Amino acid sequence: MASGLVPLSVITASASLPETYRWLRETWGPVAGVELEPGVNAWLVMGHPEMLELVRNEWVFSRDARNWGDYRDGVVAPDSGLGPMMFYRPNVIGADGMEHRRLRRPLDDALAAVDQRQMRRAVERTCQDLITAFIHRGHADLVSEYAQIVPLLALAEESGLNPQEGRDLLETLAALFGSADDAQEGNRRFEEILARLIRARQANSANDVASSLVRHPDLRSDDEVLQSLVVLISAGQQTLSAWISRALWLMLTDPRFASRLRGGRLGVDEALDEVLWRDPPMTHMPARYALIDTELGGQRIARGDALILGLAAANTDPRIHTDAVEREIGNRAHLGFSAGPHQCPARTPARLIARVAVEQALHLLPRIALSIPAGTVTSIPSPWMRHLASLPVTFTPTSDTALNPSVR
Ligand code: HEM
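Described in the following lines is the structure provided in the data block. (Residues numbered from 1 in each chain as written. Predicted model: local features only at pLDDT ≥ 70, side-chain atom pairs only at ≥ 80, totals over all residues. Heavy atoms only, no water.)

The computed volume of the second largest pocket comes to approximately 500 Å³. Contributing to the lining of the second largest pocket are 24 residues, with Ala-15, Arg-246, Trp-249, Asp-279 and Arg-386 lying nearest its centre. Contributing elements (two or more residues each) for the lining of the second largest pocket: helix 2 (17-28), helix 13 (222-253) and helix 15 (268-278). Class assignment of the residues belonging to the lining of the second largest pocket gives a composition of 12 nonpolar, 5 polar and 7 charged. (1 Å grid on protein atoms, 1.4 Å probe; cavity = no way out; pocket = protein on both sides within 12 Å on 5 of 7 lines; lining within 4 Å. Points joined across faces, edges and corners; volume = space filled by probe spheres on them. Helix = DSSP H or I, 4+ residues; strand = E, 2+ residues; numbered from the N terminus. Nonpolar A, V, L, I, M, F, W, Y, C, P; charged D, E, K, R; others polar.)

Evaluated as defined, the whole model comprises 6 aromatic pairs. Taking 5.8 Å as the distance between ring centres and 80° as the angle between the ring planes, the aromatic pair formed by Trp-243 and Phe-337 counts as edge-to-face. Linking Trp-243 in helix 13 with Phe-337 in the loop between helix 16 (311-315) and helix 17 (347-364), this pair joins segments that are 94 residues apart in sequence. Phe-337 shares its class with Trp-243; the two are buried. For Arg-66, the ring lying beneath its charged end belongs to Tyr-88, and the centroid distance is 3.7 Å. (Phe/Tyr/Trp six-rings, centres within 6.5 Å; stacked < 30°, edge-to-face > 60°. Buried < 20%, exposed > 50% of the residue type's maximum accessible area, 1.4 Å probe, protein only. Lys NZ or Arg CZ within 6 Å of the ring centre and 35° of its normal.)

Our next topic: the coordination of the iron atom of the ligand. Among protein atoms, the single one acting as a donor to the iron atom of the ligand is Cys-344 (SG), 2.4 Å away. By the secondary structure assignment, Cys-344 is in the loop between helix 16 and helix 17. (Donors = N, O, S within 2.8 Å, 3.2 Å for Na, K, Ca; no water.)

Around the ligand, 29 residues are found, and the nearest of them are His-100, Arg-288, Ser-338, His-342 and Cys-344. A distance of 2.7 Å separates an oxygen atom of the ligand from a polar atom in the side chain of Arg-288. Residue His-342 places a side-chain N or O atom 2.7 Å away from an oxygen atom belonging to the ligand. When residues of the shell around the ligand are traced back to their parent elements, those giving at least two are helix 6 (97-112), helix 13 and strand 5 (285-290). Among the elements that make up the shell around the ligand, the one with the highest residue count is helix 13 (7 residues). In terms of residue class, the shell around the ligand is built from 20 nonpolar, 6 polar and 3 charged. (Near = heavy atom within 4 Å. Polar contact = N/O pair within 3.5 Å; in protein donor to acceptor, adjacent residues only side chain to side chain.)

In C-alpha cells form, the structure reads like this:
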C-alpha cells in the first residue's frame, strides 16, 4: 500500500462524508488505502457489494486480530489507541467459523427471549428518572445527561441488575474512561459486578439475560458466561448513545421532522432509519484480516492486511443508489448493523431502546429546542464513530412532580 495515505480519523471527522467518499472513490475505486496511525495502514471498504463479500467470506477475511500482520509483527504498539477496538479478545467478536457460532448462539437466544413490553416499560422509567433530574432547570445536555446514560442503565436492567447496581456499573464505566490507574480499577469493578450477578443467577435463575447465559449449554465456563455478558453490555453502549443523539439532533433541526413533531409521535422511526442510512453509529467498523493474498474492489490485498468496514460509505454507494438516500426511509437494507455472521445480534432491542429514549425526550421536555445553531454541533474525535460531543437544549422548566410518580 502507498504511503502518504489519508488518516481514517480525518475521513471520519470530515464536514461532508458523502463528498469525502466521492473523492476517495474517484481516486481509488470502492476500496481505498487509509492510515490508521502513523506507519499502520489499512483498506477502507466503501462499496456495497465489496462490503458484502468482505463480511460473508470468513474463510478469506478473518475477524481474529491474531491474523493481522502489523499486530503479529509488533508494528502496532501494545499500548496503541487502536487496541480497545482492534486487539484480539477471547470472545464472540474475535472468533471465526464454528467457534464463533458456538459463542454467538447464547447471545442470539438470550436476546430473542427478551420480553419487549417489559423492556419498553423499564426503559421508559429510566428515561423519566433521568429527565426528572434536570426538567426543573430549563436546559440540559442531552448527550452527557441522557443519551450516554440510558443505554447502559437499560442494558444493565435487561441483564438482571437492579437500578442501584446499574448505577454502580455506570460509575465503573466513568472510571474506565478516566485516567490509566482508574481504568484498571474500573475494569475490575465492572467485571466484579457482573461476576456477582452470574453467581446469583447460578444459585437462583430468573427471567433475564444473565440467567439465559448461565443456563446455555454452549457456554463452557463461568468466564465464557462473563465475557458474553460483558460484550452484550459494552457493545450496545456507545452505539446506542450515538444513535439516540443523532436522531434527536435530526428531529430538532430538520424541518421535515420538526413539523411532524408538533403532530405527536410520528417521525421517530423515520429519524432512526435516516440516521442508520446517512450517519450510522459505527461510521467505520474494525475489522477483517486477509488470510490469503487476494483481490477486492480492484485492489490487491496481501495476507495479513487489515480491512475496515466503511458502513456509512457502503450505504451511499452510487452503484446501488439511483435516488436520494432519504427516499429510502422505511427501507432497512442499510448496512448500519453490518451483515454476515458477525452482524449485530441486537437490532430489535437496540431499536426499542433508541425509540423510547428519543420519544421520551421529545414528549416530556416542553418546547424543547436546540440552544446552538444546528451546524455547530461537533463530534468526539475518533476513527470509528461520529458521536456528538454534546447536544445542548432548552425547554420550559417544569416541576419534576409532573413526571416522577414517587414524589406526587
Ligand atoms: C442493545 C444494544 C446492542 C447490543 C447488545 C449489541 C451487541 C453486539 C454484539 C454482541 C456484536 C458482535 C456480534 C458478533 O461478533 O457476532 C455486535 C456487532 C455489531 N453491532 Fe451491535 N449491539 C447493540 C447496538 C448496536 C447499534 C445501535 C448499532 C448501530 C446501529 C450496532 C452496530 C453493530 C455493528 C456494526 C456490529 C459489527 C458487525 C461486524 O463486525 O460485522 N449495534 N453488536
